[in-house]
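One letter stands for each residue in the lines below.
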Amino acid sequence: MKDQDKEMELNEETIEIPVENENNLNDAEGQEESSAGAEFAVEEQLARLQRDYAELQDKYIRHIAEFDNFKRRTLKERLDLMNMAARDTIQALLPALDDFDRVKAAGELPNSPEPFGEGIKLVYHKLYHILAAQGLEPMESNGQPFDTEIHEAITEIPAPSEDLKGKIIDTLEKGYKLKDKMIRYAKVVVGK
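Here goes a summary of the coordinates provided.

Thresholds, definitions, all that
- Residues numbered from 1 in each chain as written.
- Predicted model: local features only at pLDDT ≥ 70, side-chain atom pairs only at ≥ 80, totals over all residues.
- Heavy atoms only, no water.
- Helix = DSSP H or I, 4+ residues; strand = E, 2+ residues; numbered from the N terminus.
- Buried < 20%, exposed > 50% of the residue type's maximum accessible area, 1.4 Å probe, protein only.
- Contact = heavy atoms within 4.5 Å.
- Pairing = 2+ DSSP bridges.
- Axes fitted to C-alpha atoms, helices over the stretch in contact; angles between N-to-C directions.
- Salt bridge = Lys/Arg side-chain N within 4 Å of Asp/Glu carboxyl O.

Take the environment of A153 next. Residue position: A153 is located in strand 2 (residues 151-157). A153 sits in the partly exposed class, given a relative accessible area of 39%. Residues A153 and V190, 37 residues apart in the sequence, show an inter-C-alpha distance of 6.6 Å. Look past the residues within four positions of A153 in its chain and what remains in contact with it is F146, V188 and V190.

Here it is, written out as structure tokens:
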């Protein structure tokens, strides 16, 4: 029996694992698991950041392309608008051009009952009314005080009277406004 008791004690001793060693083993396994979990979290976060970066880069490229398209489209629209404005004005002037052709043809006939000058006056009035309908206004300058904002002095001459000093004596080219904006300054002679 003593032998049996010894064997049991020996078996019990060899079977027993110290608690400290068991804890150390669990800690090592936990560290491996937490290390693997941390690596997985970092990789997941890196993948998410890469996706976000790619998405933002794609948005940026799309916005740049949209802006370039916007610039091209607005430039094209502006050019079309300017061309349409010129087309409308020219279309409005075509009847006056037709009248000039008719007056010229009538004036070239040997026994024309209508004098050439009368036809020119009619065409001038028609052209004037077409341009006035488009917003063109001629400026009256003779006798007005000289103003550098709307007049361009070609020369100065001695004033014929004292009240014409610093005023416009003669207009060489009329000034015009288009819808209250200056499009051509009047070229004038000023009295000194």
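Don't stop here, the text continues.
Judged by pairing direction, the sheet is mixed, and its three strands sit side by side in the order 2-6-3 without closing on themselves. Strands at the two margins of the open sheet, each flanked by one partner only, are strand 2 and strand 3 (168-173). Geometrically, the sheet is characterised by an average inter-axis angle of 30° between neighbouring strands, direction not taken into account.

Moving on: the pattern of salt bridges. Tallying each qualifying case throughout the model produces seven salt bridges. The closest approach of N and O atoms between E55 and K59, which form a salt bridge, is 3.8 Å. Linking E55 with K59, this pair stays in helix 2 (residues 19-108), spanning four residues, or about one helical turn. With a closest N to O distance of 3.9 Å, E173 and K187 form a salt bridge. Linking E173 in strand 3 with K187 in strand 6 (residues 186-191), this pair joins segments that are 14 residues apart in sequence. Overall, the relative accessible area of 28% leaves K187 in the partly exposed class. One salt-bridge network, in which partners are shared between bridges, spans E173, R184 and K187.

Let's shift gears to the sheet that holds strand 1 (residues 136-138). Here three strands make up an open sheet; going across it, the order is 1-4-5 and the pairing antiparallel. Pairing within the sheet leaves two strands with one partner each, and these edge strands are strand 1 and strand 5 (181-184). Shown here is a sheet whose adjacent strand axes are inclined to one another by a mean of 35°, direction ignored. Relative to strand 4 (residues 176-178), strand 1 is paired through three bridges, and the arrangement is antiparallel. Its bridge partner lying in strand 4, L136 is registered against L178.

Shape descriptors only; they carry no functional weight alone.
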